[in-house]
Amino acid sequence: LVAVLAWLALRPAQPLPPPTPANAPAAQFSAARAGADLTALARTPRPIASSANHQARAWLLERLRAVGLEPQVQRAIVQKNYVDYNANVEATLGVVHNVLVRLPGTAPDRLRPSSLLLVAHIDSDAASLGASGAAPVAALLETLRTLRAGAPLANDVLVLFADGEHVGSLGMQAFAEQHPWAREVALALRFDGAGSGGPLQLYNTLGANGAAIDGWLRAAPEVTGSSLMHEVQQLAPGALRMGALRLLGVPVLQFAHTGRPFGRARELDTPQRFERATLQQMGETMLRLTREFGATRIDPRPGNGHVIFSLPLIGTVHYSGHLVWPLTLLACLLLFGAAWIAMRRSSVPYAALLQAVFIVPSIAVALGFGAWQLWMHVPGLHRAWNPGAPEHARHALLYLGGVCALCAAVFILAQRQLARVTGTAAAALSGLGCLVLVLLLVSWLAPGASFLIVWPVLAALASLAGLHSRRVAAWPAWARLAVLLAGVLPAVLLVLPLLRDSFLVLSPQRMNIPIAMLALVLSASTLLLAQLRRYAARTLLVAGLGSLALAGGARAFDEAPLLRANALVYYKDMPSWDAYWLHPAGELDPWQRALFANLKEPYVFVNVFGWQSPRQWYAWAPRDGLKFPFVRILRNGKAPDRHADFTLVSQNRAPQIRLQVTGARPHRVTMNERVLLDTEAKSLTMVLYGMEDALLHFKISVLSDPIFGVRIEEVIPGLPEQLLPPRPATPVIPLSGQSIAADTLWFY
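Residues numbered from 1 in each chain as written. Predicted model: local features only at pLDDT ≥ 70, side-chain atom pairs only at ≥ 80, totals over all residues. Heavy atoms only, no water.

Caption draft 1: Expanded view of the nonpolar core. Within the largest apolar cluster, 84 residues are counted, with the highest numbers of intra-cluster contacts made by Y399 and F451. The biggest single contributor to this core is helix 15 (residues 477–506), with 14 residues. (Core = buried A, V, L, I, M, F, W, Y, C linked by side-chain atoms within 4.5 Å. Buried < 20%, exposed > 50% of the residue type's maximum accessible area, 1.4 Å probe, protein only. Helix = DSSP H or I, 4+ residues; strand = E, 2+ residues; numbered from the N terminus.)

Have a look at this one:
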């Protein structure tokens with residue numbers, strides 16, 4: 001029965017819908033039509049303020065007008081400051097260009113917030129084609145065309161194609177803070193991508209109320225979601241964020257696809273690799289959600305968050321975050337009640353219970369440490385898969401199954417020994433008591449993940465208390481067995497699929513979270529495990545070793561990207577009055593090796609970057625690739641009014657300008673009378689986007705009377721190809737690589 005339950009929990013998800021061809025009816029979403037837009041948009045990287053970003057925006061405006069819409073461009077200046085625990089400040093200031101569209105509704109009452117907002121972003125990383133981020137844009141274009149072909153909805157539908165998402169969600173912040181449409185929004189649906197395929201899922205919620213969750217489940221019940229998996233996703237590289245939509249103060253649902261991940265290998269994020277079935281499901285979901293929320297009055301009141309999870313044969317379950325602490329307190333009361341009943345009926349001595357309380361967590365920690373040691377010291381077992389390859393899940397699950405089987409065998413043996421010393425009731429109570437302590441911590445720090453512990457613990461405690469009661473003791477054996485299995489049911493159904501999913505998200509980075517979930521299942525199943533004989537542990541041990549042997553014997557494979565990012569940097573430095581080619585430490589291809597023929601290995605480039613800089617390849621380059629930053633020092637104030645006053649103009653019209661104050665503690669900084677910093681900081685970095693060739697007037701006030709410097713770097717995507725020697729016809733991502741013009745100002 002437990003095996004059947006595990007199969008129900010772990011069975012494969014339903015396949016994605018097949019892509020619809022380009023000749024599909026006008027009222028139907030077509031992945032083929034959206035795929036053409038995806039390919040056109042993701043031809044080059046589109047970082048904020050770059051020429052490619054401007055071209056992508058012009059293309060988007062043209063496509064929207066072709067559909068019959070009247071888009072508008074919001075140009076805004078946005079500022080965002082980051083402060084870490086050591087008072088290091090990074091002030092970001094950018095000029096963003098958002099594209100906005102309105103589909104007017106038919107409802108007469110528009111005085112209250114009632115509009116639906118659909119959100120995607122048009123920018124990308126500087127070294128990636130960004131197909132995963134372009135897919136929601138392409139799907140939104142096709143969705144808008146489909147909506148235009150049908151009857152108008154009751155509510156207004158607003159669409160935001162945001163700029164500057166990859167540099168701190170600046171475009172969404174600009175909309176939320178400065179655009180008048182932001183006051184009309186009652187619900188926001190954001191669409192993102194962190195992979196090249198896979199099913200769409202509810203990735204995150206912000207202030208979601210019951211009406212928003214119910215609307216999602218009515219419109220797209222096949223789109224699953226979990227309030228725990230968002231927490232797990234944040235531990236993976238390239239994790240998605242909610243962004244500045246929280247400033248709207250309304251419920252926000254974020255949907256994303258995370259299948260076929262590429263992690264840090266951003267070269268794999270291409271239109272050719274993107275699964276068209278994912279695009280089809282995304283578009284159909286957008287269409288149904290828009291029609292669902294566009295047809296009825298939307299409740300704009302933010303909720304206290306929702307706990308969301310899926311159950312086999314039932315579907316998605318959700319309840320308000322207000323119930324998290326009552327359920328946690330119920331688990332605490334049930335623990336005390338079960339302990340009182342068990343200690344009276346089984347005569348559990350206090351000493352044995354205390355002994356078990358210390359031993360059970362030690363067993364769980366030992367399992368996690370052993371799994372980590374296996375991961376670190378036997379890497380051949382987990383090198384057979386690559387997160388970007390379609391075969392990833394099969395090889396990863398072989399390794400996961402082997403490790404879990406070994407850990408379960410060790411746990412069963414350890415529990416048997418513990419039960420001989422302390423008794424079965426004491427071992428079970430100690431394990432559940434430790435889980436209740438973990439539940440208290442999770443309910444406080446991550447309430448959305450509390451369901452993973454509270455329901456298995458409640459079921460196990462109720463089963464433990466029932467089996468030690470006189471009434472249940474008088475039942476026949478089959479009824480007592482049913483009570484025992486009922487205590488294990490939630491742990492198997494809830495934890496096992498999340499254990500698998502968390503490992504597929506995090507591998508091959510870590511094993512701690514899946515093993516922690518396994519320990520939860522085993523601790524909640526202590527009474528059942530106590531009935532097992534020694535052959536069960538031996539069977540698990542053999543199965544684990546066999547799975548690891550199969551995982552280690554699988555052929556290694558790697559998915560080569562169609563295009564490779566260029567890691568080369570052209571660096572023109574004013575203090576040394578020279579220019580250089582730079583490349584991070586690592587292996588070089590023959591063409592790069594010829595470029596850096598002056599070095600046998602990477603070195604620390606002390607003359608330009610100092611002793612604390614990383615090792616890198618460097619070679620001298622022609623100086624006519626860029627212009628130096630044009631700086632005029634207006635004043636160098638002395639103590640007690642110690643400050644620097646200078647102007648800066650980027651003659652290169654650089655999309656990005658970085659300034660770093662070194663050797664002093666700034667306490668007030670302004671640029672063109674705009675305050676960038678008004679409190680003391682240990683260090684300050686200023687990052688400016690889209691300033692073009694504007695005159696920038698900086699005033700930097702510092703504490704005491706130090707000698708300090710201001711490092712200026714103008715960063716431009718791409719390289720001065722005319723200065724490079726001819727390279728072989730190697731497919732390279734367009735505009736990858738960087739050109740930097742730098743200067744350092746010293747104030748005495």
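Caption draft 2: Representation of the pattern of salt bridges within the structure. All told, the structure shown has 19 salt bridges when counted by the stated rule. Between R218 and E292 there is a salt bridge; the shortest N-O distance is 2.8 Å. In this pair, R218 sits in helix 6 (residues 210–219) while E292 sits in helix 8 (residues 276–295), placing the two residues 74 residues apart along the sequence. R218 gets classed as exposed once you look at its relative accessible area, which sits at 54%. Several salt bridges converge on common partners, so that one network encompasses R33, E142 and R145. (Salt bridge = Lys/Arg side-chain N within 4 Å of Asp/Glu carboxyl O.)

Caption draft 3: Quick peek at the pairing of strand 19 (residues 683–689). Counting buried residues in strand 19 gives six out of seven residues, a clear majority hidden from the surface. Across seven bridges, the pairing between strand 2 (residues 88–103) and strand 19 is parallel. Bridged to T92 within strand 19 is V687. Pairing of strand 16 (residues 656–662) with strand 19, which is carried by six bridges, proceeds in the antiparallel orientation. In the strand pairing of strand 19, L659 is matched with M686. (Pairing = 2+ DSSP bridges.)

Caption draft 4: Region of interest: the side chain of T278. Within the secondary structure, T278 is located in helix 8. Taking the relative accessible area as the measure of exposure, T278 reaches 1% and is therefore buried. At a separation of 2.9 Å, a polar atom in the side chain of T278 contacts the main-chain carbonyl oxygen of G198. Residues contacting T278, with those up to four places away along its chain left out, are L16, G197, G198 and H257. (Polar contact = N/O pair within 3.5 Å; in protein donor to acceptor, adjacent residues only side chain to side chain. Contact = heavy atoms within 4.5 Å.)

Caption draft 5: Examining unusual backbone geometry more closely. Following A639, the chain continues to P640 via a peptide bond in cis, the omega torsion being 5°. Relative to the elements of secondary structure, P640 occurs in the loop between strand 14 (630–637) and strand 15 (643–649). Despite not being glycine, N672 shows a phi value in the positive range, around 50°. On the secondary structure map, N672 appears in the loop between strand 17 (666–671) and strand 18 (674–677).

Caption draft 6: Representation of the sheet that holds strand 15 within the structure. Ordered in space as 14-15-20-17-18, the five strands form an open sheet in which the pairing is antiparallel. The two strands at the open ends of the sheet, each matched to only one other strand, are strand 14 and strand 18. On average, each strand axis in the sheet is tilted by 20° relative to the strand beside it, whichever way the strands run. Where strand 17 lies against strand 18, three bridges are found, and the strand directions are antiparallel. Counterpart to M671 in the pairing with strand 18 is R674. (Axes fitted to C-alpha atoms, helices over the stretch in contact; angles between N-to-C directions.)

Caption draft 7: The side chain of N155, seen in detail. Tracing the backbone through its elements, the reader meets N155 in the loop between helix 4 (131–149) and strand 4 (157–162). On the basis of relative accessibility, which here comes to 5%, the residue N155 falls in the buried class. Here the side chain of N155 touches F293 through a polar contact of 3.0 Å, landing on its backbone oxygen. Ignoring anything within four residues of it in the chain, the contact list for N155 reads L103, G105, S114, F293, G294, A295, T296, R297 and I298.

Caption draft 8: Layout of helix 10 (residues 350–377). In this model helix 10 runs 41 Å from its N-terminal to its C-terminal C-alpha over 28 residues, within 8% of the 40 Å that 1.5 Å per residue would give. Listing the buried residues of helix 10 in full gives A352, L353, A356, V360, I363, L367, A371 and W375. (Expected span 1.5 Å × (residues − 1).)

Caption draft 9: Empty space enclosed by the protein, seen in detail. This structure, assessed with the given rule, holds two cavities of 30 Å³ or more. A volume near 80 Å³ is recorded for the largest cavity. Looking at the largest cavity, it is lined by 14 residues, and the ones nearest its centre are L432, A460, A524, T526 and L527. Sorting the residues of the lining of the largest cavity by element identifies helix 12 (424–445), helix 13 (451–467), helix 15, helix 16 (512–524) and helix 17 (526–529) as the ones contributing at least two each. Each residue belonging to the lining of the largest cavity can be placed in one class, and the counts come to nine nonpolar, five polar and no charged. The calculated volume of the second largest cavity comes to roughly 30 Å³. Tallied by class, the residues present in the lining of the second largest cavity amount to three nonpolar, five polar and no charged. (1 Å grid on protein atoms, 1.4 Å probe; cavity = no way out; pocket = protein on both sides within 12 Å on 5 of 7 lines; lining within 4 Å. Points joined across faces, edges and corners; volume = space filled by probe spheres on them. Nonpolar A, V, L, I, M, F, W, Y, C, P; charged D, E, K, R; others polar.)

Caption draft 10: Layout of the packing of aromatic side chains. Applying the stated rule across the entire model yields 20 aromatic pairs. Ring centres of Y618 and W620 lie 6.0 Å apart, and the angle between their planes is 70°; this geometry places the pair in the edge-to-face category. Looking at R102, its charged tip hangs above the ring of W181, at a distance of 4.5 Å from the centre. For R727, the ring lying beneath its charged end belongs to W591, and the centroid distance is 4.4 Å. (Phe/Tyr/Trp six-rings, centres within 6.5 Å; stacked < 30°, edge-to-face > 60°. Lys NZ or Arg CZ within 6 Å of the ring centre and 35° of its normal.)

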